[in-house]
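Below, each chain spelled out in residue letters.
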Amino acid sequence: MKIAWNALFFAYWKPIMPEALDDKKRMIGGGETAVIELTEAMAELGHEVHVYGHCPDKPKKVWDSKVYPRGKGKLIWHRAEKWVEDHNKPFDVLVVCEDSHWFHQTNAKLNVMHIQLNHPTIIPELVESVNLYVCVSGWHMQSVLQLYPWMAKDSALVTHLPEAINLKYSQAAKHIEKTKNRVVYASSPDRGLHHFLEIWPRVKAKVPNAELHVYYGALNWATQASHLMEEQGLAALKILELERREDVYFYPPMDKWTLAEEMQKACILAYPCDTVLPSEGYCITILLANAAGTPVVTTDCDAFGEVHSRYSAMLPLPLNAEDFADAIIELLTDKTAWRTYSVRGLRRTRECTWDKVALKWEKLFLEGLAHVNKARRSDTRQERQAVT
């Protein structure tokens, strides 16, 4: 198949292309990572995949397109500006990330919208152009449908396929030993980090030498958000207060290689997820912890009850700080419990790799093309009958 992948939504935030994942001085978000890893895996299956998105900050005339041979296929990354020239080419499949206005005046046989956010841009006037919507979990799919109930017209299919992980980061860090009683938080700071102001003193009372390590550039966010009103402002102030503790360490944003090393050192990923607005449709960070054999303590927030409950020590919302602290303490002090969750996570990641998920995408594309072709043949027959 000849597949176009419009990643211009993510290009707004940062330039992306395959080399970005190997840049040890740069943090790449989950959405951007998914685009890079999934398109590489699709090319490995033998398809010709064209990705449109920003490239590293160089003069425009350096190159417009760059080819990456992958297995039996080919991956071609194009500058954002190239979309103006290529948007109406007859691709077999066009995948658009997050923003349906890019379907305007396109000419692909099958139009697919890949949704990872909980508030994508879906334009009513272009809904007839979309054949297939793909979300990242059942919960995520239902939340998007509640926001845009009209997108599920009869001729479109709304479904979901899971996120995945590239095990090369964790495998490169396998030589690193676990650091006793090292607990980490590695997600957006506005998704529950403030709860540690109550959780952490309880953990320290039972495990005095425990340490909490916080990633994702949390202090930058907390400093900027501390002036906001209501929930986010209050959460930011609590994070700044948490930073004053001598046993809590904050880190700037980091690349995937370094984060994998930090996850390998950790004994527990503690994520008291409690989103202000529904926003956790999956969470690749938890997969990264699973791949490192690091047990996870989290909540049933958003999609977590659906996708992570079998592999995590999971507590219900509303969050009870004492119960959450007890779950951390149990895993720090009970070797049997710790090993149980560690092994579950490791086994899980064998099935959560991009090569396996790409096969599901390929099957979805082939079924979608067959459905569209059948519908077109039916329309052609009806037109001929009307003429005769």
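Preceding block: the structure.
Structure report, in brief. Keep in mind that what you see is a predicted model, and the values were worked out from it rather than measured.

Reading the values: rules and limits
- Residues numbered from 1 in each chain as written.
- Predicted model: local features only at pLDDT ≥ 70, side-chain atom pairs only at ≥ 80, totals over all residues.
- Heavy atoms only, no water.
- Helix = DSSP H or I, 4+ residues; strand = E, 2+ residues; numbered from the N terminus.
- Rg over C-alpha atoms; globule rule 2.2 N^0.38 Å.
- Contact = heavy atoms within 4.5 Å.
- Areas by Shrake-Rupley, 256 points an atom, 1.4 Å probe, with all protein chains shown as cover.
- Lys, Arg positive; Asp, Glu negative; His and termini not counted.
- Charge placed at Lys NZ, Arg CZ, Asp CG, Glu CD.
- Core = buried A, V, L, I, M, F, W, Y, C linked by side-chain atoms within 4.5 Å.
- Buried < 20%, exposed > 50% of the residue type's maximum accessible area, 1.4 Å probe, protein only.
- Pairing = 2+ DSSP bridges.
- Axes fitted to C-alpha atoms, helices over the stretch in contact; angles between N-to-C directions.
- Right-handed = clockwise from strand over helix to strand, strands pointing away.
- Polar contact = N/O pair within 3.5 Å; in protein donor to acceptor, adjacent residues only side chain to side chain.
- Parallel < 35°, antiparallel > 145°, perpendicular 65-115°, else oblique.
- Nonpolar A, V, L, I, M, F, W, Y, C, P; charged D, E, K, R; others polar.
- Disulfide = S-S within 2.5 Å.

**Here we look at the overall build of the protein**
- From N to C terminus, the protein includes 14 helices and 14 strands.
- Against the compact-globule benchmark of 21 Å for 388 residues, the protein has a radius of gyration of 23 Å, which places it among compact chains.
- Taken along the three principal axes of its C-alpha coordinates, the protein extends 85 × 45 × 45 Å.
- In the protein, the share of contacts with a sequence separation of at least 24, taken over all contacts with a separation of at least 6, comes to 69%.
- With an accessible surface of roughly 18,200 Å², the protein has 51% of that area assigned to carbon and sulfur atoms.
- In the protein, which carries 46 positive and 49 negative side-chain charges, the distance between the mean positions of the two groups comes to 7 Å.

**Describing the nonpolar core**
- Counting residues in hydrophobic clusters, the biggest one holds 102 residues, and the most contacted among them are W5, F196, I328, W361 and F365.
- Residue contacts for F365: discarding those within four places in its chain leaves M1, I3, W5, M42, V93, V95, L110 and V112.
- By size, the runner-up hydrophobic cluster in this structure holds 25 residues, among which are F91, V144, Y148 and V158.

**Description of the sheet that holds strand β6 (residues 110-114)**
- Pairing is mixed in the open sheet, where eight strands are placed in the order β3-β4-β2-β1-β5-β6-β7-β8. Each end of this open sheet is capped by a strand with a single partner; those strands are β3 (65-70) and β8 (157-160). Strand-to-strand twist across the sheet, computed as the mean angle between neighbouring axes with direction ignored, equals 20 degrees.
- Both β3 and strand β4 (residues 73-78) contribute to a ladder of six bridges, which runs antiparallel. Paired with P69 across the two strands is K74, which belongs to β4.
- Taken strand by strand, helix α4 (residues 138-147) contacts β7 (132-135) and β8, and its axis lies near 145 degrees from that of β8.

**Points about the pairing of strand β10 (residues 211-214)**
- Sheet analysis places strand β9 (residues 182-185) next to β10, joined by four bridges and oriented parallel. Across the sheet, residue Y185 finds its bridge partner in β10, namely V214.
- Once the chain exits β9 it traverses helix α6 (residues 196-206) before rejoining the sheet at β10, and the crossover so formed is right-handed.
- Bridge count between β10 and strand β11 (residues 248-250): three bridges; the pairing is parallel. Paired with V214 across the strands is F250, a residue of β11.

**A word on the environment of T299**
- Relative to the elements of secondary structure, T299 occurs in strand β13 (residues 296-299).
- On the accessibility criterion, T299 (1% relative accessible area) is buried.
- Note: C-alpha distance between T299 and T353 (54 residues apart in sequence) is 24 Å.
- Setting aside anything within four residues of it in sequence, one finds T299 in contact with Y271, P272, C273, F304, M314, L315, L317, L319 and F324.
- Only 2.6 Å separates the side chain of T299 from the backbone oxygen of C273, close enough to count as a polar contact.

**Considering the packing of helix α10 (residues 284-291) against helix α13 (residues 335-349)**
- It is the contact of α10 with α13, at a shortest axis distance of 7 Å, that shows an interaxial angle of 110 degrees. The angle between the axes of α10 and α13 places the two elements in the roughly perpendicular class. Residue-level contacts link I286, L287, N290 and A291 of α10 to G345, L346, R348 and T349 of α13.
- When its residues are assigned to classes, the contact of α10 with α13 shows four nonpolar, three polar and one charged.

**Things to note about the sheet that holds β10**
- Strand order in this open sheet of six strands is β11-β10-β9-β12-β13-β14, and the pairing throughout is parallel. The open sheet has two edge strands, β11 and β14 (313-315), and neither has a second partner. This sheet shows a mean twist of 25 degrees between the axes of neighbouring strands, independent of strand direction.
- With three bridges connecting them, β13 and β14 associate as parallel partners. The residue of β14 that forms the bridge with V297 is A313.

**Quick word on the state of the cysteines**
- Scanning all chains against the criterion turns up zero disulfides.
- Unpaired in terms of disulfides, C135 finds its nearest cysteine sulfur in C97, a separation of 13 Å.
- Note on C135: relative accessible area 1%, which makes it buried.
- Counting only cysteine sulfurs, C283 is the nearest neighbor of C352, a cysteine outside any disulfide, at a range of 12 Å.
- Residue class for C352 comes out buried when judged on its relative accessible area of 12%.

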